[in-house]
Amino acid sequence: MTDASLQAPTLLLQPDAARAGRLRSFRLKDNVFRHLTRASAVTVLGILGGVILALVIGAWLALSTFGIDFFTTESWNPVTEKFGALAPIYGTLATSLIAMLIAVPVGLGIAIFLTELCPPVLRRPVGVAIELLAGIPSIIYGIWGLFVFAPFLQATLQPFLIGTFGSVPVLSTIFAGPPYGIGILTAGLILAIMVLPFVTSVSRDVFETVPAVLKEAAYGIGCTRWEVIRRIVIPYTRVGLVGGVMLGLGRALGETMAVTFVIGNAHRISGSILAPGTTISASIANEFTEAVGDLYTSSLIALGLILFIITFIVLAIARLMLLRLERQQGS
Amino acid sequence: MKLNRIFGAVAATMLMAAPALALDISGAGATFPYPVYAKWAEAYKKETGVGLNYQSIGSGGGIKQIQAKTVTFGATDAPLKGDQLDKAGLVQFPMVMGGIVPVVNVEGVGPGDLTLDGPTLAKIFLGQITSWDDPTIKKLNPDAKLPSSAIAIVHRSDGSGTTFNFTNYLSKVSPDWKDKVGSATAVEWPAGLGGKGNEGVANYVAQTKGAIGYVEYAYAKQNKLAHAKMINKDGKAVEPVTKSFQAAAANADWMSQPGFGVILTDEPGADSWPITAATFILIHKQPQDPAAASEALKFFAWAYKSGAPMAEALDYIPMPEKVVADVQSVWAKEIKGADGRALYSATN
């Protein structure tokens, strides 16, 4: 009896110890994994913070020299070292706005067609073609824009716009000639093509998440296709759609090479969208290599900081919009 | 443990690679001479086994890198001034030259049909002359048929040595330009559109009716653009050809500026092309790595001696022999190793 009672625990202990060891190793691995993932997240924050810090330090000379004037003046003169960022800021916003005005409706249209209306045979090829657009390097868009698209616009769309709106009060300023082929409008159009795959593939993916039950129920009570898309699909996927649009906008704001080729690179603000302009990233790409002098370099870095801030504001607005939408939905 | 082993391996490879790297000459700077430097490097490597690692990051970058001593030599299109050279302890010398050519796209005007002078060119780029049949242009071209189309100005959008030399010329011939715009690798252009690189400008000019721009000679030739003849300081109309670029170089007073820093625009001489440009090399007087600097000087000496045909094939202009002799005597005099001995002697 005593023998047995003495033996039993030791017998039980053996497998118990093994189990505990196993468990300990699991816990260890869990911990390692948790720390690894946390480290990854912290790294991103660290890099982000580092970039902001580097930009602020680099831009400090320009910002302290020019103060608020840096944001409100148009002059960009490397000879007298007077720099103002208004023209690139305007160009960045104007080209991105044109791009979004075109890419969002077209992208949504394509996504709706692919998910709701398209014959299944066509679905894959069209979808793949759109995604391939995203894989084209931006320099190729730039070269294509410069050698093919700009001459085409110069010969067709731009004379048409100038001719058609030449006598309409406000529009005649917006579409004032001469048709160079390159300029703000061309850059906006190229950006629209580049942004299109982002908007399209994100919206298509979120459209596919709409439960069939919801759509079938709507059809069941006699909704038309338009009503289903308008009242079921789009409201259901609103958050994802805004995300896709923001992703596209982010690319449009920061795109460099393609824009540099077709925007005309003039540090001027012109009422006409056919006139040459410049964007923040195009200015940096153009001028950084040969920027001699601390103030010049610092001003270019300050431009980078401004782009960072613009992107941040855009993201913040998107978040706010989503919050408000959700609140409306709740009430 | 594993990590340590990896670090060990990496360190070992780096140590092994180091002697091989030391043989290569490293340089950074101007983009304008990059094609010819690359060509020379290739031929030199075949001949001697010594490679050249040249990063064409732009003149500004080249100056910064040589000041930071991360490269053996820097390259710049805009020469540094005497006090800048002294402050950084650098020697500067010209390596190769090129010509900058105004190109136009005007109906009925072929290569060399149009003649311009400096003040007129400045007025066009200031936006003061806006159409091709302006009396100022007509006066210079009494026989040409010039349309009444608007002038579209095309300039470089990126900072470049080409712009530096072009605006330097306009500043010399037009006080108005000097006041309003000035001269630098990038300026605040009063009018027009900016193309990226020579190819960007060449393409805009080719596409836009009524356009005028300025490109390096090679681009005008390759793109078959209509160049304009220029009236030089002596009042003679000259064609942009190798001979007229060389004439400008030969007529320049190279020793007048510290570090051979003359800018070859608006040079005297009946045959001189008025917008000729040299590109410069910067090297430390007392290099940190005398062996590398000595290799670099050997390479430059070789390029002066045997590189001319390669340069000409790429439409660059080799330096005149007299200038080369002056440059090499400066090397022998000023560039010294830690022991105070010259790193270059004319005999090797």
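This one's a predicted model, so the numbers in the text were calculated from it and none came from an experiment.

Cut-off values and rules
- Residues numbered from 1 in each chain as written.
- Chains lettered and ligands numbered in written order.
- Predicted model: local features only at pLDDT ≥ 70, side-chain atom pairs only at ≥ 80, totals over all residues.
- Heavy atoms only, no water.
- Helix = DSSP H or I, 4+ residues; strand = E, 2+ residues; numbered from the N terminus.
- Rg over C-alpha atoms; globule rule 2.2 N^0.38 Å.
- Buried < 20%, exposed > 50% of the residue type's maximum accessible area, 1.4 Å probe, protein only.
- Contact = heavy atoms within 4.5 Å.
- Lys, Arg positive; Asp, Glu negative; His and termini not counted.
- Charge placed at Lys NZ, Arg CZ, Asp CG, Glu CD.
- Core = buried A, V, L, I, M, F, W, Y, C linked by side-chain atoms within 4.5 Å.
- Buried area = accessible area lost by both parts, 1.4 Å probe.
- Salt bridge = Lys/Arg side-chain N within 4 Å of Asp/Glu carboxyl O.
- Polar contact = N/O pair within 3.5 Å; in protein donor to acceptor, adjacent residues only side chain to side chain.
- Nonpolar A, V, L, I, M, F, W, Y, C, P; charged D, E, K, R; others polar.
- Pairing = 2+ DSSP bridges.
- Phe/Tyr/Trp six-rings, centres within 6.5 Å; stacked < 30°, edge-to-face > 60°.
- pLDDT = per-residue confidence, 0-100.

*Asks:* Looking at this model, I keep getting lost on the overall build of chain A. Mind explaining?
*Replies:* The helix and strand inventory of chain A stands at 14 helices and two strands. Relative to the 2.2 N^0.38 estimate, which gives 20 Å for 331 residues, the radius of gyration of chain A is 28 Å and therefore markedly larger than a compact globule would have. Counting across all 331 residues of chain A, residues that qualify as buried make up 40%. Nonlocal contacts in chain A, meaning residues at least 24 apart in sequence, comprise 74% of its contacts between residues at least 6 apart. Each charge class in chain A can be summarised by its mean position, and for the 21 positive and 17 negative side chains these summaries are 10 Å apart.

*Asks:* Before we go on, may I ask you to explain the nonpolar core in this structure?
*Replies:* Within the largest apolar cluster, 170 residues are counted, with the highest numbers of intra-cluster contacts made by B:Trp40, B:Phe93, B:Phe125 and B:Trp254. The element best represented in this core is helix 14 (residues 294-330) of chain A, accounting for twelve residues. Those residues in contact with B:Phe125, other than ones at most four positions away along the chain, are B:Ile153, B:Val154, B:Phe166, B:Leu170, B:Trp177, B:Trp189, B:Pro190, B:Ile212, B:Gly213 and B:Tyr214. Counting residues in hydrophobic clusters, the runner-up holds ten residues, among them A:Phe207, A:Val210, A:Ala218 and A:Ile229.

*Asks:* Even after reading the chapter, I still don't get the interface of chain B and chain A, so can you show me in this structure?
*Replies:* Accessible area lost on assembly of the parts is the figure often given for the size of an interface. Contact with chain B, which involves 32 residues of that partner, is made by 29 residues of chain A. Roughly 2300 Å² is buried in total at the junction of chain B and chain A, and carbon and sulfur atoms are behind 50% of that figure. Where chain B packs against chain A, one counts zero salt bridges. Scanning the region where chain B abuts chain A turns up twelve residue pairs in polar contact (both at pLDDT 80 or more). Counting residues per element, the ones that place at least two in the side of chain B that touches chain A are helix 3 (59-67), strand 6 (152-156), strand 7 (193-195) and helix 9 (197-207) of chain B. Ranked by residues supplied to the side of chain B that touches chain A, first place goes to helix 3 of chain B with four residues. For the side of chain B that touches chain A, the per-class residue count stands at eleven nonpolar, 17 polar and four charged.

*Asks:* Sorry, what's going on with the pairing of strand 6 of chain B here?
*Replies:* Note on strand geometry: in a regular strand, side chains alternate between the two faces of the sheet. All names here are of chain B. Among the five residues that make up strand 6, five are buried, leaving the element largely enclosed by the rest of the structure. The pairing of strand 6 with strand 8 (residues 211-216) spans two bridges and is classified as parallel. Looking at the pairing, Ala 152 lines up with Ala 211 of strand 8. Relative to strand 7, strand 6 runs parallel, the two sharing three bridges. Looking at the pairing, Arg 156 lines up with Gly 195 of strand 7.

*Asks:* Mind showing me how you'd approach the packing of aromatic side chains here?
*Replies:* Any pair of aromatic rings gets described here by the distance separating the centres and the angle formed by the planes. The full count for this structure, using the stated rule, is 30 aromatic pairs over all chains. On the numbers, 5.0 Å between centres and 15° between planes, the contact of A:Trp144 with A:Phe149 is stacked. Exposure remark for A:Trp144: the relative accessible area of 35% places this residue in the partly exposed category. Note on A:Phe149: relative accessible area 12%, which makes it buried. Between B:Phe32 and B:Tyr316, the ring centres sit 5.5 Å apart and the planes meet at 55°, which makes this aromatic pair tilted. With B:Phe32 in the loop between strand 1 (25-29) and helix 2 (34-48) and B:Tyr316 in the loop between helix 13 (308-313) and strand 13 (317-318), the pair connects residues that are 284 residues apart, well separated along the chain. Here B:Phe32 matches B:Tyr316 in class, with each residue buried.

*Asks:* Which parts of the structure should I look at to understand the confidence of the model for chain B?
*Replies:* Residues and elements named next belong to chain B. Taken residue by residue, chain B gives an average pLDDT of 86. The fraction at 70 or more is 93%. Taken element by element, the predicted model of chain B shows its lowest mean pLDDT in helix 1 (residues 2-22) (47) and its highest in helix 5 (residues 118-126) (94). Every residue in residues 6-22 scores below 50 in pLDDT, and together they form zero contacts with partners more than four places removed in sequence or on other chains. Scored by ipTM, the complex comes to 0.70, with pTM at 0.78.

*Asks:* What exactly am I supposed to notice about the pattern of salt bridges here?
*Replies:* When the charged atoms of two side chains lie near each other, side chains of opposite charge can form a pair. For the coordinates displayed, the defined rule picks out eleven salt bridges over all chains. A:Glu131 serves as the salt-bridge partner of A:Arg204, at 2.7 Å between the closest nitrogen and oxygen. You can see A:Arg204 sitting in helix 8 (residues 184-207) and its partner A:Glu131 sitting in helix 4 (residues 120-135), a full 73 residues away along the chain. Looking at A:Glu131, the relative accessible area reads 37%, which means it is partly exposed. The shortest N-O distance in the salt bridge between B:Lys298 and B:Glu295 comes to 3.7 Å. Here B:Glu295 and B:Lys298 lie together in helix 12 (residues 290-306), a separation of three residues that amounts to about one turn. On the basis of relative accessible area, B:Glu295 is assigned to the buried category, the value being 17%.

*Asks:* Got a minute to help me understand unusual backbone geometry in this structure?
*Replies:* Note: most residues except glycine have negative phi, and most peptide bonds are trans. All names here are of chain B. Unusually for a residue other than glycine, Phe 260 sits at a positive phi of about 55°. Mapped onto the elements, Phe 260 comes out in the loop between helix 11 (242-251) and strand 12 (276-284). Even without being glycine, Asp 315 reaches a positive phi, approximately 65°. In this fold, Asp 315 is placed in the loop between helix 13 and strand 13. Among the residues examined, Asp 315 registers a relative accessible area of 15% and is labelled buried.

*Asks:* I keep staring at the environment of B:Ala247 and nothing clicks. Help me out?
*Replies:* Residues and elements named next belong to chain B. Tracing the backbone shows Ala 247 in helix 11. For Ala 247 and Ala 41, which are 206 residues apart along the polypeptide, the C-alpha to C-alpha distance reads 27 Å. Excluding its chain neighbours within four sequence positions, the residues that come into contact with Ala 247 are Asp 271 and Ser 272.

*Asks:* Sorry if this is basic, but what is going on with the side chain of B:Asp117 here?
*Replies:* All names here are of chain B. Structurally, the position occupied by Asp 117 is in strand 5 (residues 115-117). For the buried Asp 117, no salt bridge exists, and the shortest N-O distance to an oppositely charged side chain is 7.6 Å, to Lys 139. One polar contact links Asp 117 to Thr 120, side chain to side chain, over a distance of 2.3 Å. Setting aside residues up to four positions removed in sequence, Asp 117 forms contacts with Leu 140, Met 230 and Ile 231.

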